[in-house]
Amino acid sequence: MQKKMTYDDFDILSPENQRLIHGALKKYGIYPHSQQYEDYLQLARLTLLEAYKIFQTGNHPNSRLNVFIYQRICWKLTDALRKEQRRQSKMARSTDEQLQQLAEKQTISEAASIEYQLFIETVLPHLTAAERHYLIDVFLYDLSVVEIARKRQVSRSTVYKWRNRLALKYLKFFQK
């Protein structure tokens, strides 16, 4: 008969536990080079401890411990990834709303207003999220390149690239 492990016997850094954690992360495509890898790794480690605690309070055989812990980590990662996806989706919708607000806010001549509306309807569907953010930050909030870089946590050269790609798309659609 196997001796039941106590909470003090449990080692989160053991190779077996690390395999469980990294296996779950790999299952969801979260690799060390990913931007949020450390966040998800920490979440998986905390979940491992919680799962072990829950497992010990129940009447489970020790042979099922790894399966139980792995499943709990996968569930927690699924929840976290879905939450992040909903947040990003909400941000994209708010960006579209801000662009519409920008169109309504502009107080320009009738001819310029028509050209602006044509730009919004023609080019907007072809813009990346970053290029949309650039448009909002420049025209709605009147931010400089440096301020946009700080706000979006990117380099100035990235903001310049957004601006240049936006200009090229504008020329592509309106060059006569």
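All values reported here derive from a predicted model rather than from experimental measurement. Residue indices follow the written sequence of each chain, beginning from 1 at its first position. Only residues with pLDDT of at least 70 get local features here, since the model is predicted, and only at 80 or more are side-chain atom pairs given and counted; chain-wide, interface and lining totals rely on the full set of residues. Values shown for side chains rest on all heavy atoms present in the structure; no hydrogens or waters enter the calculation.

*Asks:* Quick rundown of helix α5 (residues 129-140)? Include the residues and the values.
*Replies:* Given 3.6 residues per turn, any residue in an α-helix points the same way as the ones three and four places further on. Here α5 contains twelve residues, and its C-alpha end-to-end distance of 16 Å stays within 8% of the 16 Å for a straight helix at 1.5 Å per residue. Each residue gets one of three labels from its accessible area relative to the maximum for its type: buried under 20%, exposed over 50%, partly exposed in between, using a 1.4 Å probe on protein chains only. Helix numbering and strand numbering both begin at the N terminus, where a helix is a DSSP run of H or I of at least 4 residues and a strand a DSSP run of E of at least 2. Summarising burial for α5: nine of the twelve residues are buried, a large majority. Buried within α5 we find Ala 130, Glu 131, Arg 132, His 133, Tyr 134, Leu 135, Ile 136, Asp 137 and Leu 140. A positive backbone phi angle near 55° is found at Asp 142, which sits one or two residues after α5. The length a helix should cover is 1.5 Å for every residue beyond the first.

*Asks:* Lay out the nonpolar core with the relevant residues and their values.
*Replies:* Nine residue types can take part in a nonpolar core, namely buried Ala, Val, Leu, Ile, Met, Phe, Trp, Tyr and Cys, and a core is a set of them joined through side-chain atoms within 4.5 Å. Ranked by size, the top nonpolar core spans 19 residues in total, and within it Ile 21, Leu 25, Tyr 40, Ile 69, Ile 73 and Leu 77 carry the most contacts. Mapped onto this core, the elements with two or more residues apiece are α1 (15-27), α2 (37-57) and α3 (65-105). At eight residues, α2 tops the list of elements feeding residues into this core. Within the second largest apolar cluster, twelve residues are counted, among which are Leu 124, Leu 127, Val 145 and Ile 148.

*Asks:* Tell me what's going on with the packing of α1 against α2, and back it up with residues and numbers.
*Replies:* Where α1 meets α2, the axes come as close as 10 Å, and the angle between the chain directions of the two elements is 130°. The orientation of α1 relative to α2 falls into the category oblique. As for the relative orientation of α1 and α2, their crossing is right-handed in sense. For the pair formed by α1 and α2, the contact residues are Asn 17, Gln 18, Ile 21, His 22 and Leu 25 on the first element and Tyr 37, Tyr 40, Leu 41, Ala 44, Arg 45 and Leu 48 on the second. Ten residues, namely Ala, Val, Leu, Ile, Met, Phe, Trp, Tyr, Cys and Pro, are considered nonpolar, four, namely Asp, Glu, Lys and Arg, are considered charged, and the remaining ones, Gly among them, are considered polar. Here the contact of α1 with α2 is composed, by residue class, of seven nonpolar, three polar and one charged. Only the contacting stretch of a helix is used when fitting its axis, a line to C-alpha atoms as for every element, and angles between N-to-C directions run 0 to 180 degrees. Here is the rule for angles: anything less than 35 degrees is roughly parallel, anything more than 145 is roughly antiparallel, 65 through 115 is roughly perpendicular, and the remaining ranges are oblique. Helix crossings get a hand from a simple test, with the near helix turned counterclockwise from the far one by less than a right angle marking a left-handed crossing and a clockwise turn marking a right-handed one. In this description, contact between two residues means that some pair of their heavy atoms is separated by no more than 4.5 Å.

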